[in-house]
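Architecture at a glance
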Amino acid sequence: MLRPLLTLLAPPLAVCLYGCARCCAAPIGVFWLSGIGAMIYGALGGPASLATTSWVTVLLGIGLWVLASVWAMTVIKNTTDPQCEQTRSPLCQVVNTADIHSNPLDEVKRFY
């Protein structure tokens, strides 16, 4: 349940955790961030500086987000490269998979 939800909400993070990040986590992140930026920019009036929401720009942002999510789903399903399973990408060194899958209560007990 976490994998599809994470793929829809944060595609670059899903690729870092479950896919081959060294292949395409960066371009997926660019599409995802561009989609978020386009939705915000469209809500503020878009390139025409409208007084209301520029729905074309918002739809462009939604399309970019959907494209990033579909791309991430494809990468996660088709990860068969053995090099991807052996080494982690330096791009995703910040993401620690052990912390995400661990029990938070065990972390609290460790500090006492």
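Observations concerning the side chain of Ser54
With respect to the helices, strands and loops of the structure, Ser54 is situated in the loop between helix H3 (21-43) and helix H4 (55-77). By relative accessible area, which is 10% here, Ser54 ends up buried. A distance of 2.9 Å separates a polar atom in the side chain of Ser54 from a polar atom in the side chain of Thr57. Beyond its immediate sequence surroundings of up to four residues, Ser54 is in contact with Gly42, Gly45, Gly46 and Pro47.

Re the packing of aromatic side chains
Evaluation of the coordinates by the stated rule reveals two aromatic pairs. With a centroid separation of 5.6 Å and an interplanar angle of 80°, the aromatic rings of Phe31 and Trp71 are classed as edge-to-face. Placement of the pair is Phe31 in helix H3 and Trp71 in helix H4, with a sequence separation of 40 residues. Given a relative accessible area of 29%, Trp71 falls into the partly exposed group. Measuring from centroid to centroid gives 6.1 Å for Trp32 and Trp65, while their planes differ by 85°, and the two rings are edge-to-face. Here Trp32 is found in helix H3, whereas its partner Trp65 is found in helix H4, with 33 residues between them in sequence. With relative accessibility at 23%, the residue Trp65 sits in the partly exposed group.

Thresholds applied
- Residues numbered from 1 in each chain as written.
- Predicted model: local features only at pLDDT ≥ 70, side-chain atom pairs only at ≥ 80, totals over all residues.
- Heavy atoms only, no water.
- Helix = DSSP H or I, 4+ residues; strand = E, 2+ residues; numbered from the N terminus.
- Buried < 20%, exposed > 50% of the residue type's maximum accessible area, 1.4 Å probe, protein only.
- Polar contact = N/O pair within 3.5 Å; in protein donor to acceptor, adjacent residues only side chain to side chain.
- Contact = heavy atoms within 4.5 Å.
- Phe/Tyr/Trp six-rings, centres within 6.5 Å; stacked < 30°, edge-to-face > 60°.

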